[in-house]
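The residues making up each chain are set out below.
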Amino acid sequence: MPLKARVSIRADQKLGTISPHLYGHFAEHLGRCIYDGIWVGEDSAIPNDGGIRLDTVEALRGIKAPNVRWPGGCFADDYHWEDGIGPREERPRRMNLWWGKEEPNHFGTDEFIRFCRLVETEPYICMNVGSGTPFEQKSWVEYCNYVGETHYAQLREAFGNPGPHNVTWWSVGNENWGCGGRFQPEEYAKEYRRFACYLRRTSPIPLQLVGCGHTTPDWNRRFLTALNCWDLMDHLSIHRYYSRGHQTDFTDDDYYGLYAEASFVDDDIRRTAGALDDIVRDKPLGIILDEWGVWHPQAQEGLEQINTHRDALVAAGVLDTLNRWCARVTMANLAQTINVLQCLIHTDGERFWKTPTYHVFDLYQAHMGHHAVETLIDAPAVTSTRSDGRDIDLPLLSASASISPDGQSAALTLTNRSLAEPMIVKVDWVGMEPPKTIAARLLTADSPSAHNAAEEPEKVTAREWEVGEAGVVEVPAMGVVVLEPSAK
Ligand code: AHR
């Protein structure tokens, strides 16, 4: 028996603009994310542009990846950027504490910027507070952005980059409560002030400066209270990883439980927004979720894991959550782009395949730059107990809707979370002309543990989909659909 649900799209109730940056990514020097996943070197038989593999570039362009955060993660607070510039054969090989590997420094700032230009994505650089100095970070900004006769501007030119890299997004450390220096919030506030004080003035273009927050109840409040210096910060970042059961061999309870774990994202954003509202005066600070995704306990060395259709369905729900919070969340970055954790892409030498999660990001492009609108959902639910002991009433339908700025087109994403039943969704378009045409795409699989692999790269993939009428949609079990209705 199909399940029944109703979705009411309130085109007259705008929630904010869905910045493309909500669909961002994260690439750390960890395992095979950078080396293999992005950088293969100029001499590689794998098609590349000056060492950067072209299949990765093309795939990221395909989903209009809006930004990539780099070089970490924990790696960032033990990274010294000057090791990664200049002639590659002269760059020092270093020990980076965090991921147990020697760092050859073949992929540094200029390679990262070149990669971003090829993908047409914005660079987001994470600085080193834990083991770095304000001078070192200020010099990094100068190297990237300043045009003039200074040492670092000239160095950039000498290394083949006459124009500035113009990097806008910079975070002042990563997880500074942990791998980024094990600071207390008050100590980090002091460091933040000391570092940030030297950054803005170095850059001829305005910077977006990001402070490191946390999801524990009191870190953000203690940090913000101690900082009390709003001209130095534009966004506060938080991270959320989740897991439930085995990566592929999970029970039905675990299947639903993973959605419940991912609902922490909504709690984290709400709590962070509350702290900002209570403490920050005179300036709206954005929230950045600059690491998120599923981290399976089976993740192996290099944090490689199998990424299934279940993971992709859960990611769709997180993107719906981000759409709803678009007035407060300014950026989000899935961890991590290639070969690591909930990646979009796997590589194995010249072999290359996309994960089901890639296809979710492909479908959700339709929302980029639109106005999010209130979307009311009336759907059957299941109860799942989250790892904090809370019972979560989990609607079997996740949805979000948006309208283009000119009001001529819309996007509606629907996920039927049921493992077994299709769902007939009645869609009410309130406050807009009923659509004349509707284009649709669907991602589904016959099992929640279905995943792609080198031998079967397209086992789970999105396809065009016929929708009978705009008002009633039958979504298959475990299906994610995007509808793009248009008034034309
Ligand atoms: O993404 C893997 C690691 O998770 C990052 O390096 C760190 O920031 C987080 O703890």
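Anything mentioned here points back to the structure above.
Residues numbered from 1 in each chain as written. Predicted model: local features only at pLDDT ≥ 70, side-chain atom pairs only at ≥ 80, totals over all residues. Heavy atoms only, no water.

A.B. asks: So what exactly am I meant to see when it comes to the state of the cysteines here?
C.D. replies: In protein structure, a disulfide is the covalent linkage between the sulfur atoms of two cysteines. Scanning the entire structure with this criterion turns up one disulfide. Between the sulfur atoms of Cys 74 and its disulfide mate Cys 179 the distance is 2.1 Å. The chirality of the disulfide connecting Cys 74 with Cys 179 is left-handed, given an S-S dihedral of about -85 degrees. With Cys 74 in the loop between strand S5 (67-70) and strand S6 (94-96) and Cys 179 in the loop between strand S9 (169-171) and helix H5 (185-196), the pair connects residues that are 105 residues apart, well separated along the chain. Overall, the relative accessible area of 12% leaves Cys 74 in the buried class. No disulfide involves Cys 33; its sulfur sits 8.3 Å from that of Cys 343, the nearest cysteine. (Disulfide = S-S within 2.5 Å. Helix = DSSP H or I, 4+ residues; strand = E, 2+ residues; numbered from the N terminus. Buried < 20%, exposed > 50% of the residue type's maximum accessible area, 1.4 Å probe, protein only.)

A.B. asks: Whenever I open this one, a nonpolar patch on the surface confuses me. Can you help?
C.D. replies: A cluster of nonpolar side chains, Leu 97, Trp 98, Trp 99 and Trp 295, forms an exposed patch at the surface whose accessible area comes to about 400 Å². Along the chain, the position of Trp 99 falls in the loop between S6 and strand S7 (101-103). (Patch = residues over 30% accessible without salt bridge, like charges linked within 9 Å, V, L, I, M, F, W, Y side chains within 5 Å. Areas by Shrake-Rupley, 256 points an atom, 1.4 Å probe, with all protein chains shown as cover. Salt bridge = Lys/Arg side-chain N within 4 Å of Asp/Glu carboxyl O.)

A.B. asks: Sorry if this is basic, but what is going on with the layout of surface pockets here?
C.D. replies: Rolling a probe over the atoms, with the probe sized like a water molecule, indicates the empty space that remains. Counted as a void, the largest pocket has a volume near 440 Å³. If you trace the largest pocket, you find 22 residues lining it, with Ser 263, Thr 321, Arg 324, Pro 395 and Arg 417 closest to the centre. Elements that contribute at least two residues to the lining of the largest pocket include exactly helix H7 (252-262), helix H8 (264-279), helix H9 (309-324), strand S18 (391-395) and strand S19 (397-403). A total of five residues in the lining of the largest pocket trace back to one element, the largest contributor, which is H9. Classifying every residue of the lining of the largest pocket by side-chain character gives eleven nonpolar, four polar and seven charged. Split by domain, the lining of the largest pocket shows at least three residues from each of two domains, domain 1 (3-10 + 373-486) and domain 2 (19-369). (1 Å grid on protein atoms, 1.4 Å probe; cavity = no way out; pocket = protein on both sides within 12 Å on 5 of 7 lines; lining within 4 Å. Points joined across faces, edges and corners; volume = space filled by probe spheres on them. Nonpolar A, V, L, I, M, F, W, Y, C, P; charged D, E, K, R; others polar. Domains from an automatic or database assignment.)

A.B. asks: Looking at this structure, I do not really get the sheet that holds strand S25 (residues 479-486). What am I missing?
C.D. replies: Backbone-to-backbone hydrogen bonds join strands into a sheet, with any given pair of strands oriented parallel or antiparallel. If you walk across this open sheet you meet the nine strands as S23-S22-S25-S20-S19-S16-S1-S21-S24, and the pairing is mixed. Only two strands of the sheet have a single partner each, and these edge strands are strand S23 (462-465) and strand S24 (472-475). Within this sheet the neighbouring strands show an average axis-to-axis angle of 25 degrees, counted without direction. Here strand S22 (residues 437-443) pairs with S23 via four bridges, running antiparallel. Directly across from Ala 440, in S23, lies its bridge partner Trp 465. Where H9 meets the sheet, it contacts strand S1 (3-17), strand S16 (371-378), S19, strand S20 (410-416), S22 and S25, and its direction lies at approximately 45 degrees from that of S19. Packing against the sheet, helix H10 (residues 356-364) makes contact with S19, S20, S22, S23 and S25, and its axis sits at approximately 165 degrees to S22. (Pairing = 2+ DSSP bridges. Axes fitted to C-alpha atoms, helices over the stretch in contact; angles between N-to-C directions. Contact = heavy atoms within 4.5 Å.)

A.B. asks: Explain the site of the ligand to me, please; I cannot follow it from the model alone.
C.D. replies: If you check the shell around the ligand, you find 14 residues, and the closest are Glu 28, Cys 74, Glu 175, Tyr 241 and Glu 291. At a separation of 2.7 Å, an oxygen atom of the ligand approaches a polar side-chain atom of Glu 291. Gln 336 is positioned with one of its side-chain polar atoms (N or O) 3.0 Å from an oxygen atom of the ligand. Residues belonging to the shell around the ligand are distributed by class as follows: seven nonpolar, four polar and three charged. (Near = heavy atom within 4 Å. Polar contact = N/O pair within 3.5 Å; in protein donor to acceptor, adjacent residues only side chain to side chain.)

A.B. asks: What is the right way to look at the nonpolar core in this model?
C.D. replies: The nonpolar side chains of a soluble globular protein tend to be buried, and buried together. Counting residues in hydrophobic clusters, the biggest one holds 149 residues, and the most contacted among them are Phe 115, Trp 170, Tyr 192, Phe 223, Leu 224, Trp 292 and Leu 414. Top element by residues in this core is H9. It accounts for eight residues. Sequence-distant contacts of Leu 224, defined by excluding residues within four places in its chain, comprise Trp 230, Met 233, Leu 236, Ala 275, Leu 276, Ile 279 and Val 280. Ranked by size, the runner-up nonpolar core spans five residues in total, among them Trp 169, Val 210, Ile 288 and Met 331. (Core = buried A, V, L, I, M, F, W, Y, C linked by side-chain atoms within 4.5 Å.)

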